[in-house]
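Listed below, chain by chain, are the residues.
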There are 2 protein chains.
Amino acid sequence: MNVVLIGAANLATNLAKELIKKKFNIIEIYSRSLKSAQELAAITNAKATNEIETISTNADLYIFSVKDSVLSDLIDKLPHNNAIWLHTAGSIPADVLKNKVDKYGVIYPLQTFSKNKSVDFNNIPIFVEGNNSDIESIIYSFAQKLSSKVYKLSSEKRKYIHLSAVFACNFTNHMYTIANNILEQEGIPFDVLLPLIDETALKVHSISPIDAQTGPAVRYDKNVIEKQLNLIEDTNTKEIYKLISKNIHKINNKK
Amino acid sequence: MNVVLIGAANLATNLAKELIKKKFNIIEIYSRSLKSAQELAAITNAKATNEIETISTNADLYIFSVKDSVLSDLIDKLPHNNAIWLHTAGSIPADVLKNKVDKYGVIYPLQTFSKNKSVDFNNIPIFVEGNNSDIESIIYSFAQKLSSKVYKLSSEKRKYIHLSAVFACNFTNHMYTIANNILEQEGIPFDVLLPLIDETALKVHSISPIDAQTGPAVRYDKNVIEKQLNLIEDTNTKEIYKLISKNIHKINNKK
């Protein structure tokens, strides 16, 4: 199967490496930045381009793995062909592709990717969708070459998975950032928090998050909460502390 | 070394098990709930009591591992003796013990504990403090029997570690709870998020949290953010989403 990849950022890079590992042939990689396209093309033995209009038309699969904000523009500019076109965006419906091609769908790997950090693709849940059941089966089989955890899922449901991922990954990481800033200000290295961060993640493998909840907010221990609020100088951080504490108390006392 | 343990909750339970493993002798365990004291005493070969006034006076070490709100009351009621008294609270200064005994301090293990989930104590950072340098050295040596990561730290600094732990553990866990609730409503099992949760925690072992930040809030992608806000029904959750997104954008564009 010959693949063209539109995009060379975090997800595209990890996807390209995995495709090569699984013996797919990447014939061309597009990026707005020719340098990014060339860097990824070099390790995947592909052609690099920053001109979407002139891209190879003889691939079997075109995968758009770009920022949401540029996706529909790139779809418009890619010359029409008979291949299957896929995108990888959590919050964008499959039918953003429907006016361009007859065979299209989505492949959404639920993971956070960095260019220079490899992940075990086989363990990543991949949610797929196709514009009809035949195409969906093809996309499903394709995704199964990448991961052992492939699920068929509608665009409507995928939005909610993306939303949950924003909380479980992006917002969680911001909690780490705030913790880091508090420690930094006191000259304490962030490393001391790593065993706690790991255990917090590990716990929800065996206990539901609501049952794993600990801390002063569960019983709304006013004494601790007020002392801690006094330690926080930044107004936004104070607001975040207040709002999350209130919500923990509310949700954990409803259960 | 003979130890008396005041408390039988999550931390006390894990501490007691570790002390036994390291050949300490626990002679008595107090809990407000006699049943809890008895359960822990049974597995540590100790006496159980729910009467603080009548507790054994011949131990070398008394460790208070109870909720902040009852700590000073229990300190008041425990009969005076010549042993070292320690507490395990992050946000309470060591000198809450100063009117009762001459030798006192703090042993603060930075971890989240559950009664029925064992943790690798050797890997847990433990912060110690003593009322003078001799006592502090004794407490330091004692803590080194439990963990390879022992640090001397003042009460003043310990407060900030506790605050950072509230963000990195308690608030992070609440992000998991919200993610779980979003998925539950759509009939999607929470398990699909586990590889993402694990990778988010693993990432900050090698990249600083601010550099690990991804998601629509980094560039404040209004289109995605507004679509996601429309998916959230609960008012508090909406507020949390808005506030954290704003703060991610603010902090990540200052770096």
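## Looking at the sheet that holds strand β1 (residues 2-6) of chain A
Residues and elements named next belong to chain A. The sheet built from eight strands is open, its strands ordered β3-β2-β1-β4-β5-β6-β7-β8 with mixed pairing. Two strands in the sheet have a free side with no partner beyond their single neighbour: β3 (47-49) and β8 (150-152). Pairs of neighbouring strands in the sheet enclose a mean axial angle of 25 degrees, with direction left out of account. Sheet contacts for helix α2 (residues 34-44): β1, β2 (25-30) and β3; angle to β3, the most-contacted strand, approximately 170 degrees. On top of the sheet, helix α5 (residues 155-185) reaches β5 (84-87), β6 (104-109) and β7 (126-130); it is set at about 20 degrees to β6, its chief contact.

## Side note on the side chain of A:Thr13
Residues and elements named next belong to chain A. Secondary-structure assignment places Thr-13 in helix α1 (residues 10-21). One polar contact links the side chain of Thr-13 to the main-chain carbonyl oxygen of Ala-9, over a distance of 2.7 Å. Excluding anything up to four places from it in sequence, Thr-13 contacts Ala-8, Leu-40 and Lys-115.

## Some points on the pattern of salt bridges
Counting across every chain of the model gives 22 salt bridges over all chains. B:Lys117 is the partner of A:Glu199 in a salt bridge, and the nearest nitrogen-oxygen pair spans 3.0 Å. Taken together, the residues A:Glu199 in helix α6 (residues 194-203) and B:Lys117 in the loop between β6 (104-109) and β7 (126-130) connect one chain to another. Like B:Lys117, A:Glu199 is buried. Within the structure, one salt-bridge network assembled from shared partners comprises A:Glu18, A:Lys21 and A:Lys22.

## So, the interface of chain B and chain A
Each side of the interface is counted separately: chain B has 89 residues, and chain A has 89 residues. Taken together, both faces of the contact between chain B and chain A bury some 8700 Å²; the carbon and sulfur share is 67%. Per-residue buried area on chain B facing chain A is highest for B:Tyr160, B:Phe167 and B:Leu231; these three make up 8% of the total on that side. Scanning the region where chain B abuts chain A turns up six salt bridges. The interface formed by chain B and chain A holds 32 residue pairs in polar contact (both at pLDDT 80 or more) in total. Contributions of two or more residues to the side of chain B that touches chain A are made by α5 (155-185), α6 (194-203), α7 (209-212), α8 (222-231) and α9 (235-252) of chain B.

## Regarding the relation of the copies chain B and chain A
Rotating chain B by 180 degrees and translating it 0.0 Å along the rotation axis places it on chain A, where the RMSD comes to 0.0 Å. The transformation just described matches what one would write down for a two-fold rotation axis. Taking C-alpha positions as reference, the residue of chain B nearest the rotation axis is B:Thr172, located at 2.5 Å. When the interface residues of chain B are mapped onto chain A, 100% of them again lie at the interface, so the same face is used by both copies.

## Here's the deal with helix α1 (residues 10-21) of chain B
Along an α-helix, residues three or four positions apart point the same way, because every turn accommodates 3.6 residues. Look at α1(B): 17 Å from first C-alpha to last across 12 residues, which is about the 16 Å you get at 1.5 Å a residue. Buried residues in α1(B) make contact with β1 (2-6), β2 (25-30), α2 (34-44), β4 (61-64), β6 and α4 (133-144) of chain B.

## Points about the state of the cysteines
Going through the model one piece at a time under the given rule, you end up with zero disulfides over all chains. Between A:Cys169, a free cysteine, and B:Cys169, which holds the nearest cysteine sulfur, the sulfur-to-sulfur gap is 18 Å. On the accessibility criterion, B:Cys169 (5% relative accessible area) is buried.

## Re the confidence of the model for chain A
With 100% of its residues at a pLDDT of 70 or more, chain A has an overall mean of 96. Interface scoring of the predicted complex returns ipTM 0.96; its pTM is 0.95.

## Side note on the sheet that holds β1(B)
All names here are of chain B. Sheet architecture is open: eight strands sit in the order β3-β2-β1-β4-β5-β6-β7-β8, paired in mixed fashion. What marks the edges here is a single partner per strand, and that holds for β3 (47-49) and β8 (150-152). If you compare each strand with its neighbour and ignore which way they point, the axes differ by 25 degrees on average. Both β1 and β4 contribute to a ladder of four bridges, which runs parallel. Each residue of the ladder has a partner; that of Val-4, found in β4, is Tyr-62. The strands touched by α5 are β5 (84-87), β6 and β7; relative to β6, the strand with the most contacts, the crossing angle is about 20 degrees.

Calculation rules
Residues numbered from 1 in each chain as written. Chains lettered and ligands numbered in written order. Predicted model: local features only at pLDDT ≥ 70, side-chain atom pairs only at ≥ 80, totals over all residues. Heavy atoms only, no water. Pairing = 2+ DSSP bridges. Helix = DSSP H or I, 4+ residues; strand = E, 2+ residues; numbered from the N terminus. Axes fitted to C-alpha atoms, helices over the stretch in contact; angles between N-to-C directions. Contact = heavy atoms within 4.5 Å. Polar contact = N/O pair within 3.5 Å; in protein donor to acceptor, adjacent residues only side chain to side chain. Salt bridge = Lys/Arg side-chain N within 4 Å of Asp/Glu carboxyl O. Buried < 20%, exposed > 50% of the residue type's maximum accessible area, 1.4 Å probe, protein only. Buried area = accessible area lost by both parts, 1.4 Å probe. Least-squares fit on C-alpha atoms with pLDDT ≥ 70 in both. Expected span 1.5 Å × (residues − 1). Disulfide = S-S within 2.5 Å. pLDDT = per-residue confidence, 0-100.

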